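The chain contents come next:
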Number of protein chains: 2
Amino acid sequence: MPMQTALQYPHAGHAVPGAIVQKRAIAFIDVPTRFKKGQTVFSEGSAALHFYEVVSGTVRTSQLLKDGRRQIDAFHLKGDLFGFEASALHRVGAEVVEDATLRIYQRSQLERMLAEDAEFAQRVVAAMMHAIERAQSHMLLLGRKSALERIATFLLDMSGRLSEMSHLDLPMSRSDIADHLGLTIETVSRTLTQLERKGVIELPSHRRSIVLRDRIALRRLDA
Amino acid sequence: MPMQTALQYPHAGHAVPGAIVQKRAIAFIDVPTRFKKGQTVFSEGSAALHFYEVVSGTVRTSQLLKDGRRQIDAFHLKGDLFGFEASALHRVGAEVVEDATLRIYQRSQLERMLAEDAEFAQRVVAAMMHAIERAQSHMLLLGRKSALERIATFLLDMSGRLSEMSHLDLPMSRSDIADHLGLTIETVSRTLTQLERKGVIELPSHRRSIVLRDRIALRRLDA
DNA sequence: CGCATCTTTGAATCTGGTCAAGGACGGTGG
DNA sequence: CCACCGTCCTTGACCAGATTCAAAGATGCG
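Position numbers for residues start from 1 in each chain and track the written sequence from start to end. Chains and ligands are labelled by the order in which they are written, letters from A for the one and numbers from 1 for the other. pLDDT decides what is reported in this predicted model: residues at 70 or higher carry local features, side-chain atom pairs at 80 or more are listed and counted, and totals for whole chains, interfaces and linings draw on all residues regardless. Hydrogens and waters are ignored; side-chain quantities use all the structure's heavy atoms.

Trainee: Please clarify how the confidence of the model for chain A should be interpreted in this entry.
Mentor: The predicted coordinates should not be examined in detail at positions where pLDDT is low. Residue-level confidence of the predictor is what pLDDT reports, using numbers from 0 through 100. With 87% of its residues at a pLDDT of 70 or more, chain A shows a mean pLDDT of 87. Every residue pair with non-hydrogen atoms within 4.5 Å of one another is taken to be in contact. With pLDDT under 50 throughout, residues 1-27 of chain A is counted as low confidence; its partners more than four residues away or in other chains account for 59 contacts.

Quick look at the structure:
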């Protein structure tokens, strides 16, 4: 486990755009690390020694039941912080959905950084509040929305986070979408087809792209 | 809105057991406020000027869809902090489930307190990490568990939080349970009856109490 | 070009929801 | 003290949305 502080790194102290700590470059590995698609960032149940910032790419955090059922609680895109844990172990696992570059922070220094760096403390607190809000919206989706509403919500959300253009390039598979929305891949597929037949979206042959043809209709479908 | 600091309160600076800030008693209304059952603590969409600590009683936070569907994201018991928001408005509403006493903190001072009081910052960060973990578990429940598994999880969780004894006194109605677990009241009722018939629990005539007869079986049912 | 993987589609099944009615508890007032 | 009433809870019959099982169709990588 790399327990060295960034002080030992030649790059420490550089003003990296988007870095949490700019002035005081202790406590994170300044050189972002590359991860490949499918790679495990950390496993459910492993020691929570670090937390992470997405510099580029996409990461999913998920939990598994013994029989293999999976729930993806969130997809993390550029700028997102993830991997915070109240306990000593990771309660969720994290895997790379799309080649990613991550900045790795030492959890052991979280407390010190909270105490010493007010700017950092505020960014961490803000990131956590956002995580809580997204979790709350997602519980509403999982607890109370129909399949059609879930897909509509998902498309609008991804559109907002990825591009705002009508053309979406989803980084994840149907199976990831299903496990995020609490559906099966068959239902995800059928619902997308249904939206295409209504003319609300378009599904090009490259199945990871989706064109939003009618955002108004999509918002109407999203409870 | 009471915007005065605790410095203006005669009680300021008292070492109140369980208070977030003991040494530096700025920024919270030192005298806990009483709320009655059914009372609204804050509404969904209202300005997020405060956050709260449960001194006694039970509070639920929930979201509504336009057509009335409701999702209760959490029940807050003694010691819990709630009402944090990343944005200016409350994205969830909070209502009292069981007569409660709440300590009210000024949100406007959150940032200052984070900067000035490291102990406070850590308690807030810890509370948020717990909220995130509970939200993650709850997403797993809502996305992937059957009605029976949801009820088993719920009973074990409430038992852990309320008493650890085999006798549970639930503070909330079937309707609250249903809206928390993403089920209908009929399914909650049927599932409890089913567990009673199996001898796993007992349902005394006072329908808010439940006796856990067989925790092992309950844990086996909880995926 | 061919194979492995992902996606779509169809048919049957099932879990949980909906609609409807009856029952029990507890508070209120006579 | 007891009868009444409102609310909450339970139960039953039927229904619907989503899952399961099965198979065919695409896509894209090697």
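Trainee: Explain the interface of chain B and chain A here, please?
Mentor: One frequent convention defines the size of an interface as the accessible area lost when the parts assemble. Taken together, the contacts link 43 residues of chain B with 43 residues of chain A. Accessible area that two parts lose when put together, with a 1.4 Å probe and added across both, is what the buried area reports. Approximately 4,200 Å² of surface area, both sides summed, lies buried where chain B meets chain A, with 62% of it carried by carbon and sulfur atoms. In terms of surface lost to chain A, no three residues of chain B exceed B:Glu133, B:Met139 and B:Arg144, which account for 18% of the buried area on that side. Any carboxyl oxygen of Asp or Glu that lies within 4 Å of a side-chain nitrogen of Lys or Arg is treated as forming a salt bridge with it. Here chain B and chain A share 6 salt bridges between them. For the side of chain B that touches chain A, the secondary structure elements donating two or more residues are β4 (70-76), α1 (110-116), α2 (118-144) and α4 (174-181) of chain B. If you tally residues by element for the side of chain B that touches chain A, the top one is α2(B), at 18 residues. Class assignment for the residues of the side of chain B that touches chain A results in 19 nonpolar, 11 polar and 13 charged. A run of DSSP states H or I qualifies as a helix once it reaches four residues; a run of E qualifies as a strand once it reaches two. Both are numbered from the N-terminal end. For this classification, Asp, Glu, Lys and Arg are treated as charged, while Ala, Val, Leu, Ile, Met, Phe, Trp, Tyr, Cys and Pro are nonpolar and the rest, including Gly, are polar.

Trainee: Even after reading the chapter, I still don't get the relation of the copies chain B and chain A, so can you show me in this structure?
Mentor: Two copies of a chain can be linked by a rotation about an axis combined with a shift along that same axis. Least squares is the method used to superpose the copies, on C-alpha atoms of residues holding a pLDDT of at least 70 in both. In screw terms, the move from chain B to chain A is a rotation of 180 degrees and a rise of 0.0 Å along the axis, fitting with an RMSD of 0.0 Å. With respect to symmetry, the two chain copies, as superposed, fit the operation of a two-fold axis.

Trainee: Hey, could you run me through the protein's contact with DNA strand D in this one?
Mentor: Near DNA strand D there are 18 residues, and of these A:Ala147, A:Thr187, B:Arg174, B:Thr193 and B:Arg207 occur at the shortest range. If you look at DNA strand D and keep only atoms within 4 Å of the protein, 65% of those are sugar or phosphate atoms. Two N or O atoms count as a polar contact when they lie within 3.5 Å, although within protein this holds only if one can serve as hydrogen donor and the other as acceptor, and sequence-adjacent residues are included solely when both atoms are side-chain atoms. Taking A:Glu186, its side chain carries an N or O atom lying 3.1 Å from a base nitrogen of DNA strand D. One nitrogen or oxygen atom from the side chain of B:Thr193 is found 2.5 Å from a phosphate oxygen belonging to DNA strand D. Put simply, the parts of the chain that give the surface near DNA strand D at least two residues each are α5 (185-197) of chain A together with α5 (185-197) of chain B. By residue number, the principal contributor to the surface near DNA strand D is α5(B), which donates 4 residues. Here the residues of the surface near DNA strand D sort into 2 nonpolar, 9 polar and 7 charged. If a single non-hydrogen atom of a residue is within 4 Å of a molecule or strand, that residue counts as near it.

Trainee: Even after reading the chapter, I still don't get the pattern of salt bridges, so can you show me in this structure?
Mentor: Once the charged atoms of two side chains with opposite charge are near each other, the side chains can pair. Summed over the entire model, instances satisfying the criterion amount to 30 salt bridges over all chains. Note that A:Glu164 is salt-bridged to A:Arg215, the shortest N-O span being 3.8 Å. Placement of the pair is A:Glu164 in the loop between α3 (147-162) and β7 (167-169) and A:Arg215 in helix α6 (residues 215-221), with a sequence separation of 51 residues. Burial status follows relative accessibility: with a 1.4 Å probe on protein chains alone, a residue under 20% of its type maximum counts as buried, one over 50% as exposed, and anything between as partly exposed. Classification of A:Arg215 as partly exposed rests on a relative accessible area of 21%. Shared partners join several salt bridges into a network, and the residues in it are A:Arg60, A:Arg70, A:Glu95, A:Asp176, A:Asp179 and B:Arg144.

Trainee: I'm lost on the sheet that holds strand β9 (residues 209-212) of chain B in this one. Help?
Mentor: Hydrogen bonds along the backbone pair up the strands of a sheet, which may run parallel or antiparallel. All names here are of chain B. Paired strands are those between which DSSP finds at least two bridges. Reading across from one edge, β7-β9-β8 is the order of the 3 strands in this open sheet, with antiparallel pairing throughout. Across the chains shown, the open sheet's two edge strands, defined by having one partner strand only, are β7 (167-169) and β8 (201-202). The pairing of β7 with β9 spans 3 bridges and is classified as antiparallel. Looking at β9, one finds that Asp169 is bridged to Ser209. Angles shown run from 0 to 180 degrees and are taken between the N-to-C directions of axes, each axis being a line fitted to C-alpha atoms and, for helices, limited to the stretch in contact. Each of β7, β8 and β9 touches helix α3 (residues 147-162); the most contacted strand, β7, lies at about 85 degrees to it.

Trainee: I would appreciate a short explanation of α3(A) in the present structure.
Mentor: Residue and element names in this part refer to chain A. The span expected for a helix works out to 1.5 Å for each residue beyond the first. For α3, which comprises 16 residues, the first-to-last C-alpha distance of 22 Å matches the rise-based estimate of 22 Å (1.5 Å per residue) to within 8%. Residues Leu148, Glu149, Arg150, Ile151, Ala152, Thr153, Phe154, Leu155, Leu156, Met158 and Ser159 constitute the buried set of α3. Immediately downstream of α3, the backbone of Glu164 shows phi near 70 degrees, a positive value.

Trainee: Hey, could you run me through the protein's contact with DNA strand C in this one?
Mentor: Near DNA strand C you find 18 residues, and of these A:Ser189, A:Thr193, A:Arg207, B:Thr187 and B:Arg190 are the closest. Counting only atoms of DNA strand C within 4 Å of the protein, the sugar-phosphate share comes to 66%. At 2.7 Å, a side-chain N or O of A:Arg207 approaches a phosphate oxygen of DNA strand C. Here a base nitrogen of DNA strand C and a side-chain polar atom of B:Glu186 are 3.1 Å apart. Residue assignment for the surface near DNA strand C shows that the elements contributing at least two residues are α5 of chain A together with α5 of chain B. For the surface near DNA strand C, the leading source of residues is α5(A), giving 4 residues.

Trainee: So what exactly am I meant to see when it comes to the nonpolar core here?
Mentor: One broad trend across soluble globular proteins is that nonpolar side chains are buried collectively. One finds A:Leu155 and B:Leu155 to be the most contacted residues of the largest nonpolar core, which totals 64 residues. Among residues more than four places away in sequence, those in contact with B:Leu155 are B:Leu168, B:Leu192, B:Leu195, B:Ile201, B:Ile210, B:Leu212 and B:Leu218. Among buried residues, those of type Ala, Val, Leu, Ile, Met, Phe, Trp, Tyr and Cys that are joined through side-chain atoms within 4.5 Å constitute a nonpolar core.

Trainee: Where do I start with the packing of aromatic side chains in this structure?
Mentor: Within a pair of aromatic rings, the relevant descriptors are the distance that separates the centres and the angle that separates the planes. All names here are of chain A. For Phe, Tyr and Trp, where Trp contributes only its six-membered ring, two rings pair if their centres lie within 6.5 Å, and the inter-plane angle classes them as stacked under 30 degrees, edge-to-face over 60, or tilted in between. Scanning all chains against the criterion turns up 10 aromatic pairs over all chains. Relative to Phe82, the ring of Tyr52 lies with its centre 5.4 Å away and its plane at 20 degrees, an arrangement referred to as stacked. Placement of Tyr52 in strand β3 (residues 50-64) and of Phe82 in strand β5 (residues 81-82) is noted, with a sequence separation of 30 residues between them. With respect to class, Tyr52 is no different from Phe82; both count as buried.

Trainee: Sorry if this is basic, but what is going on with the sheet that holds strand β9 (residues 209-212) of chain A here?
Mentor: Residues and elements named next belong to chain A. Judged by pairing direction, the sheet is antiparallel, and its 3 strands sit side by side in the order β7-β9-β8 without closing on themselves. Edge positions in the sheet fall to β7 and β8 (201-202), since each has one partner strand and no second. The pairing of β8 with β9 spans 2 bridges and is classified as antiparallel. Residue pairing across strands places Ile201 opposite Leu212, the latter belonging to β9. Along the sheet, α3 contacts β7, β8 and β9; its crossing angle with β7, the most-contacted strand, is approximately 85 degrees.

Trainee: Looking at this model, I keep getting lost on the side chain of B:Lys145. Mind explaining?
Mentor: Checked against the element boundaries, B:Lys145 lands in the loop between α2 and α3. What makes B:Lys145 buried here is its relative accessible area of 9%. At 3.1 Å, the side chain of B:Lys145 and the side chain of B:Asp222 are in polar contact. Residues contacting B:Lys145, with those up to four places away along its chain left out, are A:Leu65, A:Arg69, B:Leu140, B:Arg150, B:Thr153 and B:Asp222.

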